[in-house]
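# Structural characterization, general
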Amino acid sequence: MPSPYLPNTDADRAAMLRDIGVSDVEELFQDIPREFRSASFDLPRPSSEPELKAEMRALSGLNANLDDYACFLGAGFYRHFIPSVVGHMIGRSEFYTAYTPYQAEVSQGTLQTTYEYQSLVCQLTGMEVSNAGMYDGSTAAAEAALMANRLTERDRISVLSTVNPRYREVIETYARGHDLVLEDVPPGLEHLSPDSACLIVQQPSFLGCLEDLGECARKSHGLGALLIVITYPVSLGMLRPPSDYGADIVVGEGQSLGSPISFGGPVLGLFACRREYLRQIPGRIVGKTTDVEGSPGYVLTLATREQHIRRERATSNICTNEALIALAAAVYLAALGKAGLRRVAELCYHKAHYAASKISGLKGYSLVYQQPFFNEFAVRCPAPPARINRALFENGVIGGLDLSGTVENGMLLCVTELNTRQQIDRLIEVLARFQMESENEPSL
Amino acid sequence: MNPKEYKYTKEHEWVRPESGNRCKVGITSYAQHQLGDIVFLELPAPETQVKQFEKMGEIESVKAVSDLFSPVTGKVLETNGAAIDKPELVNEDPYGKGWLARIELGRISEVDSLMNSDEYDRLVAGLGEQPSE
Amino acid sequence: MSRRYELPDISQPGKVGYSLPTLDMPAAELPPAEMLRSDLALPEVSEAELVRYFTHLSKLNYGIDTGFYPLGSCTMKYNPKWHEDVARLPGFASIHPFQPAGSVQGALRLMFELQAYLAEITGMDGVSLAPLAGAQGELASILMVKAYHRKDSARSKILVPDSAHGTNPATGTMGGFEVVSVPSDDKGDVDLGKLESIMDENVAALTLTLPNTLGLFDTRIGKISQLVHDKGALLCGDGANLNSLVGKARFGDMGFDCVQLNLHKTFSTPHGGGGPGSGPVCARAVLTEFLPSPVVAKDGEEYRLASPASSIGILGAAYGNFGVMVRAYAYIRTLGAAGLREVSENAVINANYLKEKLKPYYHLPYDRPCMHEIVFSGKRQKTQGVRALDIAKRLLDFGFHPPTVYFPIIVDEAIMVEPTESESKATLDSFIDAMKQIAREAEENPEMLHSAPHHTPVRRLDEAKAARQPDLRWRMGNDKERAGTA
């Protein structure tokens, strides 16, 4: 059966093989030793577009999607409103079917939008320079740690214990290559080692609390360590940017800026830092220049840091990044703009506080921390969170992250601007049943 | 052509002896042409001890990074701040304003063993591609 | 458009490009004032102006949908449209990685099956879809090598052929290894004699791209594998060029211990202007216990995330680029075994056709059957004062995206052409005509090439200026007054 993805006809192929001077396509594979030619390989039989579409639609239907459920799950990936313009703009195939803009003359779209992205990330974080993006927030944090190691020539990476544990694990994976030592620093920072390359802090913390970044900066800088802040970009719609506290490198998960969660990927690693570290930045950077006629234009620049030029001495091995997700972030930030992002942040803040105050008013429930928070907070529940989450799920609600490994009956709840009052009330109502249950069954 | 009073290495660095046991070093016209537009210089800090034919820095063009080798052994006295700020000086005037470092010689005899300009001219001629400038 | 606009130029105070709900519950007390920002200097743009701005920019781009994109080593093949629709289904796009496994069985099943397909295609025993791009898949491989040799600290070297992609040596360094380059011989293969002399008990692994970046299949792969394994080292594959091998040969059968793939190349997912990609790593039994976490396992009818026994760890906050996996899954299921084999055959026919048609005009450093791509040298044109870059820029005037130039670095003035199976003979013929005309122009009118391109949105850009005085962002608001250009 002819394939829609192979434009050549049998006649074309025959003519081409004749011109090449072989009688059979197998001759072109003559360099593969006979013993390695695949005899058989087994895959499901081919399917047509309508058949497979129906099958995949059914497969997708086996997943409980966040459009159909009320979602109070965050923990690094957040469900925010995505204006339709974002999807339409990144859906322009001139953008999404291009590759890395090596040929600047026909890649000004990708290059200029990347320059916009870099600018917007700098405006948002307050940092001086940004790269074109990393794989995700956790790998951006890991690359920041490696950069701090290069800059300070110190081998110890200090991670505040309130950082997302999965981020910590990724940093550990990346640190393994260079045998760097990971140090977990409890809150209070008294045990920060004097020979640390950097202190990595998350703001808001994994458990939602707003950390004292000023103190983190004083302590780390006092010891000659860099301060790396993992940010939640939407929170910067209202919170003071990390730069104000003296952050040296700011990283973060960019998914919340205009991209769906998509089971956690593709997402986007934000990476911004002080200008003096420019030559140690991993990944691509776009710069503005002029063409031979003096017209402005954009190019990939400072490429001598990168693997395709510096090879084994490159600042990172990253090549393909998350360009399309960075484009989505640029369109999103432009659409929301000055007032919109603030509005989103404030809606998250107020709705989360409404939910938190209602939940902490339920018998048996309490907030684990008294610190200020943004839109995520840890709750101590009267029953195991797994059980509560099952009940929530039956009521069309995806509950919070089960923290019972670290906080007894703890659950991390997240509220965004997309959670309606009805959804929050439904959450409270189901949680309340466990309050009743605990009253009726005091043994629980 | 390459200045008569300078000495040269096979790696296309030059040495210009100065009064006392000091010298200036830089890269040759051939080298700058091969590199293309130079955009960044990484030079050793003053007081750094450098060894003859060992790496003392890097020169970056738009799409290449090249090691810079010291043509002599000694101590770096100063580097050319003007060229660090404007690396194009190395392209425009490699033997003059585009010098890279001033070095206090550890072993004066090393300079004598380097190529003179005639020898270096012949080396470059043998490499084929001539600078078009 | 002579003047180029950026977002601040179309921003005006008071304009908005969004519509958001009002707060329908009591407002809370704000955090202490010192925690709040006073200034958020982002653009203010209306929706229609925003759409026009980005639409305009999209038109300055060139994608596969625009035309022929023979960017060597990048496998720029057509990306089926319906895959985009499927990937955007809420059941795929709008699911959270930390939802209970029971509520994402469809996603896990898709991943489980994709793992099995990739294992079958590569002849490997285990697959992790976790790596977020090819280079991260390479990192996973190297960390697996490190874990495998954990009790043998003398193994400090990774060998990489001099024809390799830059990511290979860069990855070796990220793994904490010393990277040693292995020269190629005059046929473009690994220099076996040299390899033999370098191979010793200090070598942890050889990373080999097959076919290599010259588009050539190393005929002595069996011998290479033997040399490497005889010294107790591992053979890591870089599957960047898998598009020529699907259904023809398998990494596992050839002695590779692991290989990383690029779903965005071979399995036709859009390159997104530079990403996202996906770089699954496939391993033979000796290495499966070290695979990055998670892998998807199946117990009875239930799918679940699992961590291999001695896993090198996780590579991202979630489980890999799932959206890319959905598209690759659709591609494999559409074509099946025979269809994928046809893809490789057509990719190889197209490359060999270009090779035969263009070799009278451009120097061919290695004249033997090529696989999915062909590397010419512009050295004949160089003697006419024309560089590979000039040839590339002139191709833009003909409406083609240029091939990769100056890579692989072992070929002087390299011009690396990868047509892929997506192109018709007619397209290839018009590309051949353009390349012939350019070869003629190099002789008769080199200035035409030096000044190319002539018909693009911008002309040749001053890259030296960009690097000497980096202008990497605009500024707005208070920030603008505080400092000049970054």
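Residues numbered from 1 in each chain as written. Chains lettered and ligands numbered in written order. Predicted model: local features only at pLDDT ≥ 70, side-chain atom pairs only at ≥ 80, totals over all residues. Heavy atoms only, no water.

### Focus on the overall build of chain A
If you tally the helices and strands in chain A, you get 12 helices and 15 strands. Across its three principal axes, chain A shows a C-alpha extent of roughly 85 × 55 × 50 Å. A total of 444 residues make up chain A; the buried ones form 68% of that total. Nonlocal contacts in chain A, meaning residues at least 24 apart in sequence, comprise 69% of its contacts between residues at least 6 apart. Once the 39 positive and 52 negative side-chain charges of chain A are each reduced to a mean point, those two points are 5 Å apart. (Helix = DSSP H or I, 4+ residues; strand = E, 2+ residues; numbered from the N terminus. Buried < 20%, exposed > 50% of the residue type's maximum accessible area, 1.4 Å probe, protein only. Contact = heavy atoms within 4.5 Å. Lys, Arg positive; Asp, Glu negative; His and termini not counted. Charge placed at Lys NZ, Arg CZ, Asp CG, Glu CD.)

### Comments concerning the domain arrangement of chain A
Residue and element names in this part refer to chain A. Splitting chain A by domain gives domain 1 (70-77 + 338-440) and domain 2 (85-332). Using only C-alpha atoms to locate each centre, domain 1 and domain 2 end up separated by 30 Å. Between domain 1 and domain 2, the residue contacts involve 22 residues of the former and 20 residues of the latter. Counting each side, the surface lost to burial between domain 1 and domain 2 is near 1800 Å², with a carbon and sulfur contribution of 71%. When the area that domain 1 buries against domain 2 is broken down by residue, the three leading residues are F77, L341 and F374, summing to 38%. The interface formed by domain 1 and domain 2 includes zero salt bridges. (Domains from an automatic or database assignment. Buried area = accessible area lost by both parts, 1.4 Å probe. Salt bridge = Lys/Arg side-chain N within 4 Å of Asp/Glu carboxyl O.)

### As for the nonpolar core
Judged by nonpolar contacts, the single largest core of 284 residues is most densely connected at A:M56, A:I157, C:L195, C:F267 and C:F322. Taken domain by domain, the makeup of this core includes at least three residues from each of domain 1 (70-77 + 338-440) and domain 2 (85-332) of chain A. Other than its neighbours up to four places away in sequence, C:F267 contacts C:L118, C:I121, C:L242, C:L261, C:N262, C:R327, C:A328, C:Y331 and C:I332. Core analysis: the second largest hydrophobic core is formed by 30 residues, A:L427, A:A432, A:F434 and C:M25 among them. (Core = buried A, V, L, I, M, F, W, Y, C linked by side-chain atoms within 4.5 Å.)

### Overview of the layout of surface pockets
Considering only enclosed or pocket space, the second largest pocket measures out at about 900 Å³ in volume. Forming the walls of the second largest pocket are 44 residues, and the residues nearest its centre are A:P165, A:F206, A:L401, A:D402 and A:L403. Elements represented by at least two residues in the lining of the second largest pocket include exactly α7 (165-177), α11 (385-394), β13 (397-398) and β14 (401-402) of chain A together with β9 (302-306) of chain C. Broken down by element, the lining of the second largest pocket gets its largest block of residues, three residues, from α11(A). Summarising the domain contributions, the lining of the second largest pocket has at least three residues from each of domain 1 (70-77 + 338-440) and domain 2 (85-332) of chain A. (1 Å grid on protein atoms, 1.4 Å probe; cavity = no way out; pocket = protein on both sides within 12 Å on 5 of 7 lines; lining within 4 Å. Points joined across faces, edges and corners; volume = space filled by probe spheres on them.)

### Some thoughts on the interface of chain A and chain B
Taken together, the five residues of chain A in the interface contact 11 residues of chain B. When the two sides are added together, the surface that chain A and chain B hide from each other amounts to roughly 640 Å², 45% of it contributed by carbon and sulfur. Linking chain A with chain B are five salt bridges, by the criterion used here. B:E58 is the partner of A:R313 in a salt bridge, and the nearest nitrogen-oxygen pair spans 2.6 Å. Along the lines of polarity and charge, the residues of the side of chain A that touches chain B split into one nonpolar, one polar and three charged. (Nonpolar A, V, L, I, M, F, W, Y, C, P; charged D, E, K, R; others polar.)

### Overview of the interface of chain A and chain C
Contacts between the two partners involve 181 residues from chain A, matched on the other side by 203 residues from chain C. Here chain A and chain C share an interface that buries about 17000 Å² over both sides, 63% of which is from carbon and sulfur atoms. On the chain A side of the interface with chain C, the three residues burying the most area are A:Y5, A:F41 and A:F263, jointly 6% of the side's total. In this assembly, chain A and chain C are joined by nine salt bridges. For C:R333, the salt bridge goes to A:E55, with nearest N and O atoms at 2.8 Å. In this structure, the connection of chain A to chain C is made through 101 residue pairs in polar contact (both at pLDDT 80 or more). With 23 residues, helix α10 (residues 323-360) of chain A is the single largest residue contributor to the side of chain A that touches chain C. Considered class by class, the residues forming the side of chain A that touches chain C number 91 nonpolar, 48 polar and 42 charged. (Polar contact = N/O pair within 3.5 Å; in protein donor to acceptor, adjacent residues only side chain to side chain.)

### Observations concerning the sheet that holds strand β4 (residues 203-209) of chain C
Pairing between the strands of a sheet comes from backbone hydrogen bonds, and it takes one of two forms, parallel or antiparallel. Residues and elements named next belong to chain C. Ordered in space as β1-β7-β6-β5-β4-β2-β3, the seven strands form an open sheet in which the pairing is mixed. Strands at the two margins of the open sheet, each flanked by one partner only, are β1 (126-128) and β3 (178-182). Sheet twist, expressed as the average angle between the axes of neighbouring strands with direction ignored, equals 20 degrees. Inspection of the sheet shows β1 paired to strand β7 (residues 281-283) by three bridges, in the antiparallel sense. (Pairing = 2+ DSSP bridges. Axes fitted to C-alpha atoms, helices over the stretch in contact; angles between N-to-C directions.)

### Description of the pattern of salt bridges
Considering all chains together, one arrives at 65 salt bridges over all chains under this definition. One salt bridge connects A:E26 with C:K248, and the closest N-O pair in it is separated by 2.5 Å. On the criterion of chain membership, the pair formed by A:E26 in the loop between α1 (10-20) and α2 (49-61) and C:K248 in the loop between β5 (234-238) and β6 (258-260) is interchain, its members lying in two chains. For C:K248, a relative accessible area of 5% puts it in the buried group. In this structure, A:R168 and A:E172 form a salt bridge, with 3.0 Å as the shortest nitrogen-oxygen distance. Of this pair, A:R168 and A:E172 both sit in helix α7, four residues apart, which is roughly one turn of that helix. Classification of A:E172 by relative accessible area gives partly exposed; the value is 31%. Three or more residues are tied together by salt bridges with common partners; here these are A:R279, A:R310, A:R313, B:K55, B:E58, B:E60 and B:D67.

### What about the environment of C:N241?
Residues and elements named next belong to chain C. Relative to the assigned elements, N241 resides in the loop between β5 and β6. Using a relative accessible area of 0% as the deciding quantity, one classes N241 as buried. Spatially, the C-alpha atom of N241 lies 40 Å from that of Y5, the residues being 236 residues apart in sequence. Separated by 3.2 Å, the side chain of N241 and the backbone oxygen of N212 make a polar contact.

### Quick word on the sheet that holds strand β7 (residues 64-69) of chain B
Residue and element names in this part refer to chain B. Pairing in this open sheet of three strands is antiparallel, and the strands run β4-β6-β7 from one edge to the other. Both edges of this open sheet fall to β4 (38-42) and β7, since each of them pairs with a single strand only. Recorded for the sheet is a direction-independent mean angle of 25 degrees between the axes of neighbouring strands. Here strand β6 (residues 55-61) runs beside β7; their pairing, made up of six bridges, is antiparallel. For I59, the partnering residue across the bridge sits in β7 and is S66.

### Some thoughts on the packing of aromatic side chains
Following the criterion strictly, the structure yields 24 aromatic pairs over all chains and no others. Judged by centre distance (4.1 Å) and plane angle (20 degrees), the ring pair of A:Y78 and A:Y232 falls under stacked. Remark: A:Y232 occurs in the loop between β6 (226-231) and β7 (249-253) and A:Y78 occurs in the loop between β1 (70-71) and α3 (84-90); sequence separation between them is 154 residues. Sitting over the ring of A:Y245, A:R240 keeps its end group 4.8 Å from the ring centre. The ring of C:F177 carries C:K146 above its face, with NZ or CZ at 5.5 Å from the centroid. (Phe/Tyr/Trp six-rings, centres within 6.5 Å; stacked < 30°, edge-to-face > 60°. Lys NZ or Arg CZ within 6 Å of the ring centre and 35° of its normal.)

### Let's talk about the pairing of β3(C)
Two faces, one strand: in a regular strand the side chains alternate between the faces of the sheet. Residue and element names in this part refer to chain C. Relative to β3, strand β2 (residues 157-161) runs parallel, the two sharing five bridges. Across the sheet, V160 pairs through a bridge with S181, a residue of β3. A crossover connection joins β2 to the parallel β3 through helix α7 (residues 167-174); in handedness this β-α-β unit is right-handed. (Right-handed = clockwise from strand over helix to strand, strands pointing away.)

### Points about the environment of A:A345
Residue and element names in this part refer to chain A. Its location among the elements puts A345 in helix α10. Along the backbone, A345 and L268 are 77 residues apart, and their C-alpha atoms lie at a distance of 19 Å. When residues no more than four places from it in sequence are discounted, the contact partners of A345 are V234, G237, M238 and F374.

### A word on α11(A)
Residue and element names in this part refer to chain A. Every buried residue of α11 is listed here: P385, I388, N389, A391 and L392. Down the axis, α11 shows its buried residues gathered within 160 degrees of arc, on one side only. Within α11, the exposed residues directed more than 90 degrees away from the buried face are R390 and E394. Looking one or two residues past α11, G396 carries a phi angle of roughly 75 degrees, positive in sign. (Arc of directions from axis to C-beta.)

### Regarding helix α6 (residues 137-152) of chain A
Since there are 3.6 residues in each turn of an α-helix, residues three or four apart along the chain are aligned in direction. Between its first and last C-alpha, α6(A) extends 22 Å over 16 residues, near the 22 Å set by a 1.5 Å rise per residue. Phi turns positive one or two residues past the end of α6(A), at A:E153, with a value near 55 degrees. (Expected span 1.5 Å × (residues − 1).)

### Concerning the packing of helix α5 (residues 108-125) of chain A against α10(A)
All names here are of chain A. Contact pair α5 / α10: the axes reach a minimum separation of 9 Å and the direction vectors enclose 45 degrees. Taken together, the axes of α5 and α10 are oblique relative to one another. Handedness of the α5/α10 crossing: left-handed. Of α10, the residues touching α5 (which contributes T113, Y117, L120 and L124) are A326, L327, A329, A330, L333 and L341. In the contact of α5 with α10, the residues fall into nine nonpolar, one polar and no charged. (Parallel < 35°, antiparallel > 145°, perpendicular 65-115°, else oblique. Left-handed = near helix turned anticlockwise from the far one by under 90°.)

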